[in-house]
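Coordinates in review
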Amino acid sequence: MGLGLGAFSRTAVAQAVAPAATKPLPDYVAWKDPAALIVHTSSTLETRRAAFGTSVITPNEQLYIRNNLPAPDPEIVADRDAWQVAVEGVKSPRTFTVKELKGLGLETTAMVLQCSGNGRGFFPSKPSGTPWQVGAAGCVVWSGVPVRAVVEATGGLVDGLPFMTATGGEKLPEGVDPKSVMVERSVPKEAMADALLAWEMNGVPIPLAHGGPLRLVIPGYNGVNNVKYIKRLAFTAQQSDARIQSTGYRMSPPGQKGDPSQPSIWEMAPKSWINTPNADTGPLAAGLVQIHGVGFGGMNAVRGIDVSVDGGKTWTAARLVGPDLGKYAWRQFVLAVNLPAGTHTLMSRVTDVKGNVQVELAQNNASGYSNSSWRDHAVRVTVA
Ligand SMILES: Nc1nc2c(c(=O)[nH]1)N[C@H]1C(S)=C(S)[C@@H](COP(=O)(O)O)O[C@H]1N2
Ligand SMILES: [Mo]
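Small disclaimer: the values here were computed from a predicted structure and weren't measured.

**Observations concerning the pattern of salt bridges**
Between side chains of opposite charge, a pair can form as their charged atoms come close. Counted under the stated rule, the structure contains nine salt bridges. Between Asp81 and Lys102 there is a salt bridge, with the nearest N and O atoms lying 2.8 Å from each other. Of the two residues, Asp81 sits in the loop between strand 3 (65–66) and strand 4 (84–88) while Lys102 sits in helix 2 (residues 98–102), which places them 21 residues apart along the sequence. Of the charged contacts, one joins Arg232 and Glu184 as a salt bridge, the two residues approaching to 3.3 Å between their closest N and O atoms.

**Comments concerning empty space enclosed by the protein**
As enumerated under the stated definition, the model contains one cavity of 30 Å³ or more in all. In this structure, the largest cavity occupies an estimated 240 Å³ of space. In terms of lining, the largest cavity is formed by 19 residues, of which the most central are Arg66, Asn68, Arg215, Gly223 and Lys228. A class-by-class count of the residues in the lining of the largest cavity yields nine nonpolar, six polar and four charged.

**A short note on the layout of surface pockets**
Taken as a whole, the largest pocket spans an internal volume of roughly 550 Å³. As for the largest pocket, its lining consists of 28 residues, and the residues nearest its centre are Arg66, Gly248, Tyr249, Ser367 and Tyr369. The set of elements that each furnish at least two residues to the lining of the largest pocket consists of helix 4 (178–181) and helix 5 (243–246). If one sorts the elements of the lining of the largest pocket by residue count, helix 4 sits on top with three residues. Residues that form the lining of the largest pocket fall into these classes: nine nonpolar, 13 polar and six charged. Split by domain, the lining of the largest pocket shows at least three residues from each of two domains, domain 1 (7–246) and domain 2 (271–383).

**Focus on the site of ligand 1**
Residues in close proximity to ligand 1 total 20 residues, the closest being Asn68, Glu170, His210, Arg215 and Lys228. Here Tyr64 contributes a backbone N or O atom positioned 2.8 Å from an oxygen atom of ligand 1. One of the side-chain N or O atoms of Arg215 is found 2.7 Å from an oxygen atom in ligand 1. The pocket occupied by ligand 1, as judged from atoms lying within 2 Å of grid points, is the largest cavity.

**So, the domain arrangement of the protein**
Interfaces are often described in size by the accessible area the parts lose on coming together. When its domains are assigned, the protein resolves into domain 1 (7–246) and domain 2 (271–383). Look at where the C-alpha atoms of domain 1 and domain 2 centre, and you get two points 26 Å apart. Contacts between the two partners involve 33 residues from domain 1 and, on the opposite side, 31 residues from domain 2. When the buried area of domain 1 at its contact with domain 2 is split by residue, Arg49, Val56 and Phe123 rank highest and sum to 26% of it. At the junction of domain 1 with domain 2, the criterion picks out zero salt bridges. Inspection of the domain 1/domain 2 interface yields 14 residue pairs in polar contact (both at pLDDT 80 or more). Only strand 6 (107–114) and strand 7 (137–146) provide two or more residues apiece to the side of domain 1 that touches domain 2. Sort the elements by how many residues they give to the side of domain 1 that touches domain 2 and strand 6 lands first, with four residues.

**Remarks on the sheet that holds strand 9 (residues 184–188)**
Sheet architecture is open: five strands sit in the order 5-4-13-8-9, paired in mixed fashion. The strands lining the two open edges of the sheet, one partner per strand, are strand 5 (94–97) and strand 9. The average angle at which neighbouring strand axes cross in this sheet is 20°, direction not considered. Here strand 8 (residues 163–168) runs beside strand 9; their pairing, made up of five bridges, is antiparallel. Paired with Ala166 across the two strands is Arg185, which belongs to strand 9.

**Concerning the sheet that holds strand 17 (residues 316–317)**
Spatially, four strands are ordered 17-16-20-21 in an open sheet, and the strand pairing comes out antiparallel. A strand with exactly one partner marks an edge of an open sheet, and here the two such strands are strand 17 and strand 21 (379–383). With five bridges joining them, strand 20 (residues 342–352) and strand 21 adopt antiparallel strand pairing. Looking across to strand 21, one finds that His344 is bridged to Val381.

**Observations concerning unusual backbone geometry**
Outside of glycine, negative phi angles account for most residues, and trans bonds account for most peptide bonds. Across the junction of Gly212 and Pro213, the peptide omega takes the value 5°, indicating a cis bond. A cis geometry characterises the amide bond from Thr276 onward to Pro277, with omega recorded as -5°. One can find Pro277 in the loop between strand 14 (271–276) and strand 15 (287–296). Even without being a glycine, Asn202 presents a positive backbone phi close to 45°. Of note, Asn202 is situated in the loop between strand 10 (196–201) and strand 11 (204–205). Its identity is not glycine, yet Ser370 carries a phi of approximately 55°, on the positive side.

The rules behind each value
- Residues numbered from 1 in each chain as written.
- Chains lettered and ligands numbered in written order.
- Predicted model: local features only at pLDDT ≥ 70, side-chain atom pairs only at ≥ 80, totals over all residues.
- Heavy atoms only, no water.
- Salt bridge = Lys/Arg side-chain N within 4 Å of Asp/Glu carboxyl O.
- Helix = DSSP H or I, 4+ residues; strand = E, 2+ residues; numbered from the N terminus.
- 1 Å grid on protein atoms, 1.4 Å probe; cavity = no way out; pocket = protein on both sides within 12 Å on 5 of 7 lines; lining within 4 Å.
- Points joined across faces, edges and corners; volume = space filled by probe spheres on them.
- Nonpolar A, V, L, I, M, F, W, Y, C, P; charged D, E, K, R; others polar.
- Domains from an automatic or database assignment.
- Near = heavy atom within 4 Å.
- Polar contact = N/O pair within 3.5 Å; in protein donor to acceptor, adjacent residues only side chain to side chain.
- Sits in = over half its atoms within 2 Å of the grid points.
- Contact = heavy atoms within 4.5 Å.
- Buried area = accessible area lost by both parts, 1.4 Å probe.
- Pairing = 2+ DSSP bridges.
- Axes fitted to C-alpha atoms, helices over the stretch in contact; angles between N-to-C directions.

What follows is the structure, given as structure tokens:
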């Protein structure tokens, strides 16, 4: 797809703003826009700050990728409607094909998909893991059946099962303990309220790399909980004992291993950042600059986004621009500012409708998760 003239023109435009060299795109995402992405490894691709556009939605060609295991064989999207998911922990457990799910209901939800390690690259402690900056995130529109409708169709929840546990459909490598590699995540069952079993994203069937034929999406929750190629959705008494749940994705104090007593990486916190101008913009001419970026509340809608051009001493309310796609989507903001010659530190800070304000400083933690710090996300620009 998209390898005609469009690819040439995209490349030509993006080269002007993104000259830095990067590794070639891995085969399974060869259809992505190389100019928009930083290829960290074959399983971690990040959207460049300078590549985020101003049309709210992040196009699939530009969206980040994070895989804990190699993506499954493309044969699983050859007949999408035939993909099966087992539903358990309900009164009448059963397996559904995607075709059957399509008969149960339909909802469309815009939401921020963000890796919990987004912003890890800003921790001075240099935690191990991909040093993502801002681009392990995007705003995506998903279509699918509400999990609530699937639960209703299976007779309702069995009592006393506080978690919703989802299992990814990857083939596991042989010779290792499956629990050490499988992607199986548990969240509080209340998270099902707005969750979907989705088959479409941004207007097309979900590409294999993003979890097609079927993906669990849990608006407001960190990326890892949005299990791709889902093959089992179970309401469970305990959280999964897979490593990715029990010791992985925990807010562990620096230097400590993860363990089940520490908070799991579930709900996202309010966060915003400036996309333009940025480090790739080059020297600006003195005069009016349109500072724009994105902000989201995590679990709540955005009330407002403020911008500072003096390193966080004073703040001015930015204007929210573009369509409001609901409380789980990000809002775009713009502020026109007259910047005199010199070097300036620009930052943004979002407040949600409940009054929660984006944090100034991130909580340091062993794996570098959940960096929402407005200080860390500042951009420095020079005006000639
Ligand atoms: N089955 C499966 N689901 C998964 C993963 C995975 O490796 N396998 N990675 C998770 C993580 S850590 C993130 S951040 C998101 C990334 O989604 P994307 O690659 O579609 O951007 O998917 C999540 N769901
Ligand atoms: Mo992630």
